[in-house]
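The chain contents come next:
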Amino acid sequence: MVYESTRNNDVKLNSAQAIIKGISSDGGLFVPSELPVITDDELHSMLPLAYSECAEIVFKKFLTDFTDDEIHSCVKAAYGKNFDMPEIAKTVPVDNMNILELWHGPTSAFKDMALQILPHLMTTSMTKTSNEKEIIILTATSGDTGKAALEGFADVPGIRIAVFYPESGVSEIQKLQMTTQEGENVLVCAVKGNFDDCQTAVKDIFTDESIVKKLSQKGKAFSSANSINLGRLIPQVVYYVTGYLDMVKNGTITLGEKINICVPTGNFGNILAAYYAKEMGIPVNKLICASNKNNILTDFINTGVYDKNRGFYTTMSPSMDILISSNLERLIHRLYDNNSKEIVALYKSLAENGKYSVENVVRAKLQKDFTAGYCDDDDTKKQIKETFEKTRYLLDTHTAVAVKVYKDYQNKSGDTTPTLIASTANPYKFSTSILSAFGKSSDNDFAAAKALNEITGVPIPENITALRQKAVRFSDVMPPAKLKEYVSEKLGN
Ligand SMILES: *Cc1c(COP(=O)(O)O)cnc(C)c1O
């Protein structure tokens, strides 16, 4: 399996090299030249298997430069007692939908599904390429990636990790999860700005030749724990395979029957993994891309024009408050038949004019696989309340956006294909917002969690309760323009 840069077809790496590099020096993302295939027979044989066994099958298709033993030990170390149930991910039928719960890992967000294994993939990759003595992970986060990455990489030998989050763009619990992180090799810093400012500043550091050179002379290199890293994307394909199998096992579909998949989307990583699963052979009809009021992807999928010259909104689904969805580049690259020249032109236009538009044939391909919708905070709240009152199931704010967008789609299209909804966070990560859906307010997330628990009876995850006892270790706040200096100073030596 060969991985190439979306911006230069001549850059070709194996998976270990791509995982270590994180992003290509030309600014492109690494993509498989061709996607592997899962046959119907294979899918059938996976029915009785555990999550970790399915994961091994999928990983072997992508990580062809890893030995079976290496894959086995990475998977074993990642998907075990660190999750709060043996199934790892589980599919719950709710109100004619199948909710795929992806938040049973140590930080209660779907990011754990990939970030519990990425450190193992990375240290294994380091033993294969053996150029670097130390990897420095730089991570921009809209809230959930940061904590999940810190949790995964804390005290991993040979790795240091720095996390940057938008100062006022995360929930109180998300912030505490990060600023109380333990470990000798971790650094957490708030950025004055929004997630896009964080992501752009971090990408800038990655591709800064002088810093990169200075580090490499000391045997160090940057990498990324963001969903631009291939090592994030591949693990996310696994749960769309097991989610499909869950729907067979619970009798919603028979094997071979198509499903829709609806994903609450920000950086386009999670839904891209669903697209990869479809392209690999999982029977999928439509991929439904759900956004909040930051509806740039809705517009793009409907019109073929990606235009970030628009207002940025802070919403109650903060992990989706994004205007530059990095992983979209991987999709566009594939829709342009892996033509990197087209991608270079489009992303030059995005950098210079804040927009690009794709050709009509590409838009037609896009619309064949994807449909999109969005909803605002009021509708999100209504959906949380309505679903709870009808089914006693408590949605988090992000998953509620997906449910609302799915229901709108179903009403409009009349499409009755059974649907899998990716549920991306435990509701208690956003307690104050969710409490407001029940018409109550609170001035802090912990009081809100308690009140929410009293109303719904849904248990509060252990890791969130434990936060109150922990000491805050990090309080730096930096403007985006100062991040380069900050990183050189803190991590350069
Ligand atoms: C990260 C995140 C998303 C968005 O996922 P992308 O892969 O960035 O599209 C949605 N919901 C939650 C809770 C998240 O943490």
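A brief report on the enclosed structure follows.

Where burial is concerned, most of strand 5 (residues 97–101) is hidden: 5 out of the 5 residues are buried. Residues Met97, Ile99 and Glu101 point to one face of strand 5 and Asn98 and Leu100 to the other, with burial holding for every one of them. Here strand 4 (residues 90–94) folds back onto strand 5, and the loop between the two strands holds 2 residues, one of which, Asp95, carries a positive phi near 50°. In this sheet, strand 15 (residues 419–423) lies alongside strand 5 in parallel orientation, the contact comprising 4 bridges. The residue bridging Asn98 from the neighbouring strand is Leu420, located in strand 15.

A few words now on the pairing of strand 7 (residues 159–166). Burial analysis of strand 7 places 7 of its 8 residues in the buried class, which makes it a mostly covered element. In terms of strand pairing, strand 6 (residues 134–140) meets strand 7 through 6 bridges, oriented parallel. Bridging across to strand 7, Ile137 finds its partner in Ile161. Note on the crossover from strand 6 through helix 7 (residues 144–153) to strand 7: the handedness is right-handed. By the bridge criterion, 6 bridges tie strand 7 to strand 8 (residues 186–191) in an arrangement that is parallel. Bridge assignment links Pro166 to a residue of strand 8, and that residue is Val191. One crossover worth recording links strand 7 to the parallel strand 8 by way of helix 8 (residues 172–179), and it is right-handed.

Right, let's get into the side chain of Glu329. Here Glu329 is to be found in helix 14 (residues 328–335). With relative accessibility at 1%, the residue Glu329 sits in the buried group. Non-local contacts of Glu329, meaning those with residues more than four positions away in its chain, are made with Thr6, Arg7, Gly27, Gly28, Leu29, Ile343 and Tyr347.

Cut-offs and rules
Residues numbered from 1 in each chain as written. Predicted model: local features only at pLDDT ≥ 70, side-chain atom pairs only at ≥ 80, totals over all residues. Heavy atoms only, no water. Buried < 20%, exposed > 50% of the residue type's maximum accessible area, 1.4 Å probe, protein only. Helix = DSSP H or I, 4+ residues; strand = E, 2+ residues; numbered from the N terminus. Pairing = 2+ DSSP bridges. Right-handed = clockwise from strand over helix to strand, strands pointing away. Contact = heavy atoms within 4.5 Å.

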